[in-house]
Amino acid sequence: CDILCIVGARPNFMKIAPIMRALSARGLRARLVHTGQHYDSDMNDRFFADLGIPRPDINLEVGSGSHAVQTAEVMRRFEPVVDDLQPRAVLVVGDVNSTIACALVASKKGVGVIHVEAGLRSYDRGMPEEINRVLTDQISDLLFTTERHAEANLAREGVDTGRVHFVGNVMIDTLLHNRERAVPWRESLRAAGVDLAPFEAAGGYGALTLHRPSNVDDEGVLGRLVDTLVSLSRDLPLVFPVHPRTRARLEGFGLWKRLQSGRIAVLPPAGYLEMLGLMRDARLVLTDSGGMQEETTALGVPCITLRDNTERPITLDEGTNVLVGNDPERIVAAFNAVLAGDDRRGRVPEHWDGRAAERIVDVLAGWLDQRRPATAG
Ligand code: UD1
């Protein structure tokens, strides 16, 4: 095939959808490999259905494991796929373990590596994703960026800027494509059997997600966060779709009950269209997700990010994002500022216009022609 596209985990699915569409519109032969890093139906199948992604041609079914085991398993299982399909290039997105694993296999075989969402840096090497980002960019032949800071980051690391193309944000392509189809918040709550009365009475809600190891893996940190969130929910009720990792920690640390003591609607992980609706309709969003910082900026919804740093600084410079870490005082202050109407509306960054995937495929088609001619098969 021409391009072997890779997905592994939830934040990859919304990025690959517009790319697959644009590749096919251009007549390039694309195949889709799912590594199986995420496998639960609510972390996985629902996204394919919501986003209209074709069924993966191959599923490597790696499942969970330590970082080393997961990364190694993807590599071991992906190599024969490359041998078999002989792609002209492998396209990876984002920063999960599947991203670096497949990029590394391809580069060692002399197959071109294309990285979409290149050059983002939190400058926090304690984040597993930062390691994946830095290493993937070093071995990529073609790098597509979402914001202008990224190119400077790459230049600093010695990446040849001739390989770097600022195209915008494919995740925002997906958001704009699906905005009208988003599930209204009341429907999501009703489907989960939540009593709507407190939400109606409060005249709104905040949407909350949490899954970063730095927030959920330490009992003291997670306990303080839960207490803070419970107390905030007295002023504005919260809707909290819970990631499997977070649920396991909350239960393991005996915090599950405490979480329910506030006005917090606890939901299973949301599908794409549900989460989009929950963000779009929210008064504010509290999150430690990377992608949601960008999605809220595109939607114009205030975002309070429960991290000390971000690899997506455009959301601070131009968007609706503020960083507060996991310190209760800073969280409360940011939350109160939004409720007091003291928040920035922000603007939508350059090239976050729904056409990033088209730009990628334009560049990609030219690059493939230069690299070597297509062969049949
Ligand atoms: C991964 C990504 C992270 C991304 C997140 C979104 C890496 C290094 N991290 O983190 O960047 O923001 O996905 O979800 O790749 N689990 C399930 N069902 C699943 C998937 C996972 O129960 O379908 C459980 C696993 O057993 C594990 C935990 O969730 O205990 C974490 O899963 P894993 O994929 O290792 O990492 P995430 O924390 O989800």
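Residues numbered from 1 in each chain as written. Predicted model: local features only at pLDDT ≥ 70, side-chain atom pairs only at ≥ 80, totals over all residues. Heavy atoms only, no water.

S.K.: Kindly report on the state of the cysteines, identifying the contributing residues and their values.
M.R.: Throughout the structure, instances matching the rule amount to zero disulfides. With no disulfide of its own, cysteine 5 lies 8.3 Å from the sulfur of cysteine 1, the closest cysteine sulfur. What makes cysteine 5 buried here is its relative accessible area of 0%. (Disulfide = S-S within 2.5 Å. Buried < 20%, exposed > 50% of the residue type's maximum accessible area, 1.4 Å probe, protein only.)

S.K.: Break down the sheet that holds strand β8 (residues 206-208) for me, with residues and values.
M.R.: Taken in spatial order, the six strands line up as β10-β9-β8-β11-β12-β13 in an open sheet, and their pairing is parallel. The open sheet has two free edges, formed respectively by β10 (264-267) and β13 (321-323), since each of these has just one partner strand. Here the average twist between neighbouring strands, direction ignored, is 20°. The sheet contact formed by strand β9 (residues 238-241) and β10 spans four bridges and is parallel. Within β10, the position partnered with phenylalanine 240 by the bridge is valine 266. Each of β11 (284-287), β12 (303-305) and β13 is contacted by helix α15 (residues 291-299), which is oriented at about 160° to β12, the strand it contacts most. Here helix α17 (residues 328-339) sits on the sheet and contacts β11, β12 and β13; the angle it forms with β11, its principal contact strand, is near 165°. (Pairing = 2+ DSSP bridges. Helix = DSSP H or I, 4+ residues; strand = E, 2+ residues; numbered from the N terminus. Axes fitted to C-alpha atoms, helices over the stretch in contact; angles between N-to-C directions. Contact = heavy atoms within 4.5 Å.)

S.K.: Break down the sheet that holds strand β7 (residues 164-166) for me, citing the residues and quoting the values.
M.R.: Sheet architecture is open: seven strands sit in the order β3-β2-β1-β4-β5-β6-β7, paired in parallel fashion. Edge positions in the open sheet fall to β3 (58-59) and β7, since each of these has one partner strand only. Sheet topology note: the strand β5 (residues 112-116)/strand β6 (residues 142-145) ladder contains three bridges and is parallel. Bridge pairing in β6 places valine 116 opposite phenylalanine 144.

S.K.: Account for the pairing of β11, naming residues and giving values.
M.R.: Neither face of β11 is exposed, since Leu284 and Leu286 on one face and Val285 and Thr287 on the opposite face are all buried. In the sheet, β8 pairs with β11 via three bridges, with the strands oriented parallel. Each bridged residue has a counterpart across the sheet, and for alanine 207 the counterpart in β11 is valine 285.

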